[in-house]
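The chain contents come next:
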Amino acid sequence: MKKHSVFLLFLLIILNSTFTTAPLQGAPSFRGAWIASVANIDWPSSQAIGQPQLQQQEMLFLLDSLQSLGINAIIFQVRPTADALYQSELEPVSHWLTGKQGANGEYDALEFVVTEA
C-alpha cells in the first residue's frame, strides 16, 4: 500500500510540474474546448431542437464566446448516440438535432460548424 502512495505522489508532482510550466515563447499552443451534443449538454439547447436557425445562432454565440476567451480549437461531438450531426448514408440524423432520430435535417451541422469555425 505504501509503494502505491509514493508512486501516486510522484505522479502528481510530475503532472503538476508539467501543467504549470509556461509554454515556450513563440511556440504554438492548443487551447481547446469540447462542445457536447449528447443530451443537448452544450448544443443545441432543448429549445432549439428542430429549429435550424436558432441552432445556428446558438453555435455562433458559442464559437464567438470561446474565441473571446482565447480558445483556438474546438472538439465538436458529431456522433452523440449512434447517430450523426451530419448527413450520412451509414448513420441516422441525430434526434438531439431534429427531435426525431433519422428525420432529415435541414442542414449539415458539421459542415456549418467547420465553415464558421
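Residues numbered from 1 in each chain as written. Predicted model: local features only at pLDDT ≥ 70, side-chain atom pairs only at ≥ 80, totals over all residues. Heavy atoms only, no water.

1. Some words on the pairing of strand 1 (residues 32-35)
Strand residues, when the strand is regular, have side chains that alternate between the two faces of the sheet.
Inference 1: What you see with strand 1 is a clean split: Ala 33 and Ile 35 sit on the buried side and Gly 32 and Trp 34 on the side with no burial.
Inference 2: Relative to strand 2 (residues 73-76), strand 1 is paired through four bridges, and the arrangement is parallel. Bridge pairing links Ala 33 to Ile 74 in strand 2.
Inference 3: Since strand 1 and strand 2 lie parallel, the crossover through helix 2 (residues 52-68) that links them has a hand, and here it is right-handed. (Buried < 20%, exposed > 50% of the residue type's maximum accessible area, 1.4 Å probe, protein only. Helix = DSSP H or I, 4+ residues; strand = E, 2+ residues; numbered from the N terminus. Pairing = 2+ DSSP bridges. Right-handed = clockwise from strand over helix to strand, strands pointing away.)

2. Quick look at the nonpolar core
Inference 1: Membership of the largest hydrophobic core comes to 15 residues, with the highest contact counts inside it found for Trp 43, Met 59, Phe 76 and Leu 97.
Inference 2: Breaking this core down by element, the ones donating at least two residues are strand 1, helix 2 and helix 4 (109-116).
Inference 3: Sequence-distant contacts of Leu 97, defined by excluding residues within four places in its chain, comprise Trp 43, Pro 44, Ile 49, Gly 50, Gln 55, Leu 85, Tyr 107 and Ala 109. (Core = buried A, V, L, I, M, F, W, Y, C linked by side-chain atoms within 4.5 Å. Contact = heavy atoms within 4.5 Å.)

3. Some details on the pattern of salt bridges
Inference 1: Applying the stated rule across the entire model yields one salt bridge.
Inference 2: Arg 79 serves as the salt-bridge partner of Glu 91, at 3.2 Å between the closest nitrogen and oxygen. Highlighted residues: Glu 91 in the loop between strand 2 and helix 3 (95-98) and Arg 79 in the loop between strand 2 and helix 3, separated in sequence by 12 residues.
Inference 3: Judged by relative accessible area, Glu 91 falls into the partly exposed class, the value being 24%. (Salt bridge = Lys/Arg side-chain N within 4 Å of Asp/Glu carboxyl O.)

4. Observations concerning the packing of aromatic side chains
Inference 1: In the structure shown here, the tally under the stated rule is two aromatic pairs.
Inference 2: An angle of 90 degrees between the planes, with centres 6.1 Å apart, marks the rings of Tyr 107 and Phe 112 as edge-to-face.
Inference 3: With a relative accessible area of 13%, Tyr 107 lands in the buried category.
Inference 4: A relative accessible area of 14% places Phe 112 in the buried class. (Phe/Tyr/Trp six-rings, centres within 6.5 Å; stacked < 30°, edge-to-face > 60°.)

5. Quick notes on unusual backbone geometry
Inference 1: Pro 44 follows Trp 43 through a cis peptide bond whose omega is -20 degrees.
Inference 2: Mapped onto the elements of the fold, Pro 44 is located in the loop between strand 1 and helix 2.
Inference 3: Phi is positive for Ala 39, close to 60 degrees, though the residue is something other than glycine.
Inference 4: Note on Ala 39: relative accessible area 46%, which makes it partly exposed.

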